[in-house]
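Residue-level structural notes
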Amino acid sequence: MITWIESPREAMQSHGRIIPTAEKIMYIQTLMNAGFDALDVGSIVSPKFIPQMADTIEVLKGLNMEENTTGLMVLTASLKGVEAVAGIKNVSSISFPFSVSPTFQKKNINKTIEESIVLLEQIKEVCVKNNKDLVVYVPMAFGNPYQDPWDNEILLNHLEQITDIGIECVSFSNVSVPIQKEVIKAVFSAAIPFFPDIEFGLHLHTSQSGWFGQVEAAWDSGCRRFDTVISGLGGCPMSDELLGNLDTDLLLKFLKEKEIKTALDMNVLNEARALAAKLFLT
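Residues numbered from 1 in each chain as written. Predicted model: local features only at pLDDT ≥ 70, side-chain atom pairs only at ≥ 80, totals over all residues. Heavy atoms only, no water.

**Re the nonpolar core**
Put simply, the test is: Residue types Ala, Val, Leu, Ile, Met, Phe, Trp, Tyr and Cys, when buried and joined through side-chain atoms within 4.5 Å, form a set referred to as a nonpolar core. Throughout this description, buried means an accessible area under 20% of the type-specific maximum (1.4 Å probe, protein chains only), exposed means over 50%, and partly exposed covers the range between. We call two residues in contact when some of their heavy atoms are within 4.5 Å.
Counting residues in hydrophobic clusters, the biggest one holds 88 residues, and the most contacted among them are Tyr27, Leu159, Val170 and Phe172. Residues within four places of Tyr27 in sequence aside, it is in contact with Pro8, Met12, Ile230, Ala272, Leu275, Ala276, Leu279 and Phe280. Within the second largest apolar cluster, six residues are counted, among which are Ile5, Met73, Tyr137 and Cys169.

Spelled out as structure tokens, the structure:
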């Protein structure tokens, strides 16, 4: 069984063109009908840094949720941002970036690790009051390029801090740092047994060459939650160097080879691919 999160946000926020709201709604609505477990649809961040996401609330309110069970997730790194979307019925979960790299955390959301923990506690309270799930993304979970100290013990210590807050879903990401499959296996093999009540996921930035071994390492270590982006578009806009996201079709290829079934509607997925080509590739 796999939990599959498709992320149109990643593609939209990294695209040079600011996509009109109506086109975003059409694309996301199609993805909702494809059978993904959840969609990462937008973010509440400063339009100064990511203008492509300035209409996220308008997009959320424009989606038709009738007879659709796909969850909608929104990323934010501020209490104000969480409060802005917490009351929107269409939103099922809110995500927050919490890096174990102090340098990246300061660069990404302008907060120290200690300040981020306090903020995460506040965000968790708002989520509980509004019946929203809270997903913590851990950028630089597999190491960092800043010479910040990193190993599995540091990662586990940070995880212990956030699980004390009551976090139940954590997704590891490498952002701009290429990673070896052995590192992925070591991280998940350490974290999953240590925190059996947490759902762990992989938000992988990768190339077209090393992806299979990386996905396989996570799967074989017990990870069952994966993020993808159609055509592998996007990457962290706060990173100096961008690696593409794990392509939706590549994860499909992996699952087919492993004879793992999914609930995706391939006809609708083809419609989404065609829309993505018009939105992002032309």
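On we go from here.
**Here we look at the sheet that holds strand β5 (residues 133-138)**
Short version of the rule: Here, strands pair whenever DSSP counts at least two bridges between them. Going along the chain from the N terminus, every DSSP run of H or I of four or more residues is numbered as a helix, and every run of E of two or more is numbered as a strand. Note on method: axes are straight lines fitted to C-alpha atoms, helices fitted across the in-contact stretch only, with angles between N-to-C directions ranging 0 to 180 degrees.
On the basis of which strands lie adjacent, the closed barrel formed by eight strands has the order β1-β2-β3-β4-β5-β6-β7-β8 and parallel pairing. Taken over all neighbouring pairs, the strand axes of this sheet differ in orientation by 30 degrees on average, direction set aside. Relative to strand β4 (residues 93-97), strand β3 (residues 71-76) runs parallel, the two sharing three bridges. Note that in β4 the partner of Leu75 across the bridge is Ser95. Contacts between helix α6 (residues 113-129) and the sheet are confined to β4 and β5, with β5 contributing the most and set at about 155 degrees to the helix.

**Some points on the environment of His203**
Note the threshold: A 3.5 Å cut-off defines polar contacts: any pair of N or O atoms within that distance qualifies, except that in protein one atom must be a possible hydrogen donor and the other a possible acceptor, and neighbouring residues in sequence count only when both atoms are side-chain atoms.
On the secondary structure map, His203 appears in strand β7 (residues 199-203). The class for His203 is buried, based on a relative accessible area of 4%. The spatial distance from the C-alpha of His203 to the C-alpha of Val170 is 10 Å, given a sequence separation of 33 residues. Look past the residues within four positions of His203 in its chain and what remains in contact with it is Glu10, Tyr137, Ser171, Phe172, Ser173, Asn174, Asp227 and Asn245. Side-chain polar atoms of His203 contact the side chain of Asn245, separated by 3.2 Å.

**Focus: the pairing of β4**
Rules: Call a crossover right-handed when, viewed with both strands pointing away from you, the route from the first strand across the helix to the second goes clockwise.
The buried count for β4 comes to five of five residues, which makes it a mostly enclosed element. Burial of the side chains of β4 extends over both faces: Ser93, Ser95 and Pro97 are buried on one face and Ile94 and Phe96 on the other. Following the chain from β3 across helix α4 (residues 79-86) to the adjacent parallel β4, one finds a crossover that is right-handed. Looking at chain direction, β4 and β5 are connected through five bridges and run parallel.

**Focus on helix α11 (residues 266-280)**
One full turn of an α-helix is made of 3.6 residues, so residues set three or four places apart face in the same direction. Condition: Expected span of a helix, by definition, is 1.5 Å for each gap between consecutive residues, and there is one gap fewer than residues. Directions from the helix axis toward the C-beta atoms define the arc.
Counted at 1.5 Å a residue, the expected span for α11 with its 15 residues is 21 Å, and the 20 Å between its end C-alpha atoms agrees. Along α11, the residues classified as buried are Val268, Leu269, Ala272, Leu275, Ala276, Leu279 and Phe280. All buried residues of α11 fall inside an arc of 120 degrees around its axis, so they share one side. Among the exposed residues of α11, those pointing more than 90 degrees away from its buried face are Asn267 and Lys278. Residues of α11 that are buried in the fold lie against α1 (8-13), α2 (21-32) and α10 (248-257). Between the side-chain oxygen of the N-cap and the backbone nitrogen of Asn267 there are 3.0 Å, and the N-cap of α11 in question is Asp265.

**Topic: helix α9 (residues 211-220)**
Extensive coverage of α9 is indicated by the burial of eight of its ten residues. Those residues of α9 not exposed but buried are Trp211, Phe212, Gly213, Gln214, Val215, Ala217, Ala218 and Trp219. Those residues of α9 that are buried lie in contact with α8 (181-194), β7, β8 (225-228) and α10. Of the residues one or two after α9, Gly222 is the one with positive phi, at around 110 degrees.

**Let's talk about the packing of aromatic side chains**
Heads up, the rule is: Side-chain rings of Phe, Tyr and Trp (the six-membered ring for Trp) are treated as a pair once their centres are within 6.5 Å; stacked means planes under 30 degrees apart, edge-to-face means over 60, and tilted covers the remaining angles. Think of it as a cone above the ring: NZ of Lys or CZ of Arg counts as a charge over the ring if it is within 6 Å of the ring centre and within 35 degrees of the ring normal.
Under the criterion given, the structure shown has eleven aromatic pairs. Here the aromatic rings of Phe142 and Phe172 are separated by 6.1 Å at their centres, their planes lie at 80 degrees, and the arrangement is edge-to-face. Residue Phe142 is located in the loop between β5 and α7 (152-163), and its partner Phe172 is located in strand β6 (residues 169-173); the two are separated by 30 residues in the primary sequence. The residues Phe142 and Phe172 share a single accessibility class, namely buried. On the numbers, 4.9 Å between centres and 65 degrees between planes, the contact of Phe194 with Phe195 is edge-to-face. You can call Phe195 buried: its relative accessible area is 8%. An aromatic cluster is built from Trp211, Phe212, Trp219, Phe226 and Phe254, whose rings are joined through pairwise contacts. Seen from the ring of Trp219, Arg224 lies directly overhead, with NZ or CZ sitting 3.7 Å from the centre.

**So, the packing of α9 against α10**
To describe two helices that pack against each other, one gives the angle between their axes and the distance between the axes. The following threshold applies: Note that the term roughly parallel is reserved for angles under 35 degrees, roughly antiparallel for angles over 145, roughly perpendicular for angles of 65 to 115, and oblique for everything else. Crossings are assigned a handedness: left-handed for a near helix turned anticlockwise from the far helix by less than a right angle, right-handed for a clockwise turn. Throughout, the ten residues Ala, Val, Leu, Ile, Met, Phe, Trp, Tyr, Cys and Pro are labelled nonpolar, Asp, Glu, Lys and Arg are labelled charged, and all others, Gly among them, are labelled polar.
Taken N-terminus to C-terminus, the directions of α9 and α10 make an angle of 60 degrees; their axes are 11 Å apart at the nearest point. One finds that α9 runs oblique with respect to α10. Read as a crossing pair, α9 and α10 show a hand that is right-handed. Where α9 abuts α10, its residues Trp211, Phe212, Val215, Glu216 and Trp219 lie against Leu250, Leu251, Lys253, Phe254 and Glu257. Considered class by class, the residues forming the contact of α9 with α10 number seven nonpolar, no polar and three charged.

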